[in-house]
Amino acid sequence: MQLTDTHCHLDYNKFDSDRADVIRRANDSGLIRLLVPGLQHKSSKEAVQLAESNPSVYAAVGFHPTDLEEFSESTFQQVKELASHPKVVAVGEIGIDYYWVKESDKRAIQRDVLKQQLAFAKEINKPVIIHMREENDAWIGEASIDLLRILEEWQGTLQGTLAEQPGVLHSFNGNLETAQKALALNFYLGITGPVTYKNADEKREITRHFPLDKILIETDSPFLAPVPVRGKRNEPAFVHHIADKIAEIHSKSPAEIAAITTANAARLFAWGD
Ligand SMILES: [Zn+2]
């Protein structure tokens, strides 16, 4: 069984003591590729270094919406330079977070930085990894509305492959209507550990409507560990628990879901079969 984890923060200090073991365990459990997204300049650089020293690891570079304190013309320029590395496959993670950020001026900065990073992704013809979180973790609200408006405007300017597959809404936590709007803009939807949680029937019901060729599976390590390891430090080797749950929801075998999501990731990130 060949699996892919399209979102894991292996640069976090929670992996400092055993990072090599974590990657080895991932490979031993069937993960052929892992994608480490950047959160600002430092973590983007670390993601690229991890990709450089591990054949199965790929990187994305960008500024996360809750990590904008150091965003400037010069740090953005440094991140842009990192993006020319052959193992950088996307711009991310970028987006909108109204959960941690409540001040309207700071939210406006998030939107502005997002637009700048989308423009950069278009310039280098790479897909984007989008973070979106609502105030109070609601399923619909200002964040979804603002994000979809910005993505729609951007998507309308794209051409070719990037227009056909502009990116992924990572760890999707919106309602079905938002999912359908994102799908209409050709975005993929990333599914993480919460789909396995006991009280997540509604999330599973929404997930049942996602077309299989638009699903990516992600651990978001070290966060969001799936059942039965919920509460522990998450790591890429646990991604199969998410594949198993999606298999159940979509009445497929885990091997089929692994193959489909691995192919989806290869198509979006263009890193070969
Ligand atoms: Zn993340």
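For the structure itself, consult the block above.
Here the structure is a predicted model, which means the values were calculated and not measured.

Caption draft 1: View of the overall build of the chain. Helices and strands together make up the secondary structure of the chain, namely ten helices and eight strands. Here the C-alpha atoms of the chain give a radius of gyration of 17 Å, agreeing with the 19 Å that 2.2 N^0.38 yields for 273 residues. Seen along its three principal axes, the alpha-carbon backbone of the chain occupies a region of about 45 × 40 × 35 Å. For the chain, with 273 residues in total, the buried portion stands at 46%. Put simply, of all contacts in the chain between residues at least 6 apart along the chain, 69% involve residues at least 24 apart.

Caption draft 2: Region of interest: the packing of helix 4 (residues 104-124) against helix 5 (residues 142-155). At their nearest, the axes of helix 4 and helix 5 sit 11 Å apart, and the two run at 25° to each other. Classified by the angle their axes make, helix 4 and helix 5 are roughly parallel. Classified by chirality, the crossing of helix 5 by helix 4 is right-handed. Contacts between helix 4 and helix 5 involve R111, L114, K115 and L118 from the first element and D146, I150 and W154 from the second.

Caption draft 3: Focus on helix 4. In a regular helix each residue adds 1.5 Å, so 21 residues correspond to 30 Å; helix 4 covers 31 Å between its end C-alpha atoms and thus fits that length. Listed in full, the buried residues belonging to helix 4 are Q110, V113, L114, Q117, L118 and A121. Along the axis of helix 4, the buried positions cluster into a sector of 145°, meaning they face one direction only. Within helix 4, the exposed residues directed more than 90 degrees away from the buried face are S104, D105, A108, A119 and E123. Of the surrounding secondary structure, the elements contacted by the buried residues of helix 4 are strand 4 (88-97), strand 5 (128-133) and helix 5. Positive backbone phi, at 60°, marks N125, one or two positions downstream of helix 4.

Basis of the calculations
- Residues numbered from 1 in each chain as written.
- Predicted model: local features only at pLDDT ≥ 70, side-chain atom pairs only at ≥ 80, totals over all residues.
- Helix = DSSP H or I, 4+ residues; strand = E, 2+ residues; numbered from the N terminus.
- Rg over C-alpha atoms; globule rule 2.2 N^0.38 Å.
- Buried ≥ 20, exposed ≤ 12 C-beta atoms within 10 Å, placed from the backbone.
- Contact = placed C-beta atoms within 7 Å.
- Axes fitted to C-alpha atoms, helices over the stretch in contact; angles between N-to-C directions.
- Parallel < 35°, antiparallel > 145°, perpendicular 65-115°, else oblique.
- Left-handed = near helix turned anticlockwise from the far one by under 90°.
- Expected span 1.5 Å × (residues − 1).
- Arc of directions from axis to C-beta.

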